[in-house]
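# Secondary and tertiary structure notes
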Amino acid sequence: MDSKRGKLTLDFSKISVEPQINAVPKNAGILTFPEGQTYEFNARNLIDKGIIGSGSYGGVVNKMEHDASGKIMAVKRVRARDVEKKERDVMLRELKMIIDSQGCEDVVRFYGALFEDGDCWICMEIMDCSLDKFYRQVYKQNERIPEKVIGFITASVVRALNYLKETLNLIHRDIKPSNILLNTQGFVKLCDFGISGYLVDSIAKTQDVGCQIYMAPERLSERRYGVRADVWSFGISLVEVCIGRFPYTDWNSVFDQLQAVVHGDPPFLQAGDYSIELVHFVNKCLIKDTSIRPNFADLIKDPFCVHYNIVDPAEMKAWRTEIGDYVLRFLPTSPVA
Ligand SMILES: Nc1ncnc2c1ncn2[C@@H]1O[C@H](COP(=O)(O)OP(=O)(O)O)[C@@H](O)[C@H]1O
Ligand SMILES: [Mg+2]
């Protein structure tokens, strides 16, 4: 048998060497903290303090300490191996843009990123909890999230998304409760835009239904993606938080999911437990027709959002204290807390 095999010739000349990408050099990166200090760093400079959570795309988030500064961060590691070169460049350009311009306190701060063994390590501000874990904790104790907390979360997320769109021309692409983070100082911040959004689209092509459950009908049926697809995903997230469970039920397959989202009636919130203003706001986000569904500039003017969009600094301080105390009451006990 062996003797029939042709002579093996190896031609390495066709293997292209990837050019170094300036925004985030391979294996090393720059950390920039809000106080202004910058550090060159690599994976060896980060001390692992344990897992915070693992995500739906095979990524994992750890609490880590940067050795030179002592700064505690959340470090998300996502597989970048399968991401095409073109997408990777867009990702890196976007990340650089996000790091450079951080003028919104409703968005999680990015400190820097690097590539290590085909993974992208994204270093960001650490928060105390994500909204998915938080609302489950509240409902587990037979309570319901008060309307003013939902209102505050809504105004924070709408401000964040409006900021991303207006100043960075970014759409999020992966809005869901686990990407809305809370802390005991009463901040509600959006995370995982840009970079992860590209991963969502490239991974969603190949992966299971779990990745796509917040996706808008037009995104599933036509792969059409505009800012209003984020509005839909936010609407689904709000219904989930208001009723204490994911609003669609009975999905056995991807086919079922497509049928329900693309051809079925949208989920909606019923008046009763929450005010009519909140119900209107949520149901507006879940209009299937994208020519009628609002964008974030429209939502920021909605009476429900206006009511909770606190602008006076002293008033905001009082709100932060109140929301922070509420978050503290239901903080899930975690091994890294
Ligand atoms: N900056 C952060 N601070 C604290 N916890 C975080 C942070 N980023 C992510 N997490 C937690 O880590 C978990 C995993 O995150 P991720 O990999 O983005 O997956 P997903 O958002 O799909 O749950 C999240 O559910 C969230 O609870
Ligand atoms: Mg996430």
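Taking an unreviewed UniProt entry as the reference, the protein is identified by name as mitogen-activated protein kinase kinase belonging to Panagrolaimus superbus. Entered under Sequence similarities (unreviewed entry) in the UniProt record, the comment concerning the protein runs "Belongs to the protein kinase superfamily. STE Ser/Thr protein kinase family. MAP kinase kinase subfamily."

## Looking at the overall build of the protein
Counting its regular elements, the protein contains 11 helices and 10 strands. Here the protein holds 337 residues, and 38% of them are scored as buried. Of the contacts formed within the protein by residues at least 6 apart in sequence, a portion of 67% connects residues at least 24 apart.

## Comments concerning the sheet that holds strand β7 (residues 119-124)
As summarised here, the arrangement of the five strands in space is β3-β4-β5-β7-β6, forming an open sheet in which the pairing is antiparallel. Looking at strand neighbours, the two that pair on one side only are β3 (46-54) and β6 (110-116), the edges of this open sheet. Across the sheet, the mean angle from the axis of one strand to that of its neighbour is 25°, orientation sign disregarded.

## Quick word on the pairing of strand β1 (residues 29-32)
Here β1 shows one buried face, formed by G29 and L31, and one open face, formed by I30 and T32. Connecting β1 to the antiparallel partner strand β2 (residues 38-41) that follows it, the hairpin turn spans five residues, and G36 within it adopts a positive phi of roughly 110°.

## A word on the sheet that holds strand β8 (residues 129-130)
Within a sheet, adjacent strands bond to each other through the backbone by hydrogen bonds, running parallel or antiparallel. One open sheet holds the three strands; their spatial order is β8-β9-β10, and the pairing between them is antiparallel. Each edge of the open sheet carries a strand with a single partner, namely β8 and β10 (188-190). The pairing of β8 with strand β9 (residues 180-182) spans two bridges and is antiparallel. Note that in β9 the partner of S130 across the bridge is L181.

## Quick word on the site of ligand 1
In the vicinity of ligand 1, 21 residues are found, and the nearest of them are G53, G55, A74, S130 and S178. Broken down by element, the shell around ligand 1 gets its largest block of residues, three residues, from β3.

## Quick look at unusual backbone geometry
As a rule of thumb, non-glycine residues mostly have phi less than zero, and peptide bonds are mostly trans rather than cis. You will see that N142, though not glycine, has its phi angle at about 55°, which is positive. The residue N169 is not glycine, and still its phi comes out positive at about 55°. Positionally, N169 belongs in the loop between α3 (147-168) and β9.

## Topic: the environment of Q185
Along the chain, Q185 turns up in the loop between β9 and β10. Separated by 141 residues in sequence, Q185 and Y326 have C-alpha atoms that sit 10.0 Å apart. The residues touching Q185, leaving out its near neighbours within four places in the chain, are R320 and G324.

## Regarding the nonpolar core
Within the largest apolar cluster, 81 residues are counted, with the highest numbers of intra-cluster contacts made by V75, C123, M124, V157 and L190. No other element matches α3, which puts 11 residues into this core. Non-local contacts of C123, meaning those with residues more than four positions away in its chain, are made with L31, M73, V75, Y111, G112 and A113.

## Quick look at the pairing of strand β5 (residues 72-79)
Inspection of the sheet shows strand β4 (residues 60-66) paired to β5 by six bridges, in the antiparallel sense. Along β5, the bridge assignment pairs E65 with I72. Hairpin connection between β4 and β5: a loop of five residues separates the two successive antiparallel strands, and G70 in this loop has a positive phi of roughly 75°. Two strands pair when backbone bridges link them, and β5 and β7 are joined in this way by six bridges, in the antiparallel orientation. Among the inter-strand pairings, V78 is bridged to a residue of β7, identified as C120.

## So, helix α6 (residues 227-243)
Under the 1.5 Å per step criterion, the end-to-end length of α6 is 25 Å for 17 residues, consistent within 8% with the ideal 24 Å. Along α6, 16 of the 17 residues are buried, which leaves the element largely enclosed by surrounding structure. Where α6 ends, the next residue or the one after it, G244, has phi of about 85°, a positive value.

## Topic: the environment of I145
Checked against the element boundaries, I145 lands in the loop between α2 (131-140) and α3. For the pair I145 and Y135, spaced 10 residues apart in sequence, the C-alpha separation works out to 7.3 Å. The residues touching I145, leaving out its near neighbours within four places in the chain, are Y135, V138, I150 and V241.

The rules behind these values
- Residues numbered from 1 in each chain as written.
- Chains lettered and ligands numbered in written order.
- Predicted model: local features only at pLDDT ≥ 70, side-chain atom pairs only at ≥ 80, totals over all residues.
- UniProt positions renumbered as here; feature names shortened; annotations may be inferred.
- Helix = DSSP H or I, 4+ residues; strand = E, 2+ residues; numbered from the N terminus.
- Buried ≥ 20, exposed ≤ 12 C-beta atoms within 10 Å, placed from the backbone.
- Contact = placed C-beta atoms within 7 Å.
- Pairing = 2+ DSSP bridges.
- Axes fitted to C-alpha atoms, helices over the stretch in contact; angles between N-to-C directions.
- Near = placed C-beta within 6 Å.
- Core = buried A, V, L, I, M, F, W, Y, C linked by C-beta atoms within 7 Å.
- Expected span 1.5 Å × (residues − 1).

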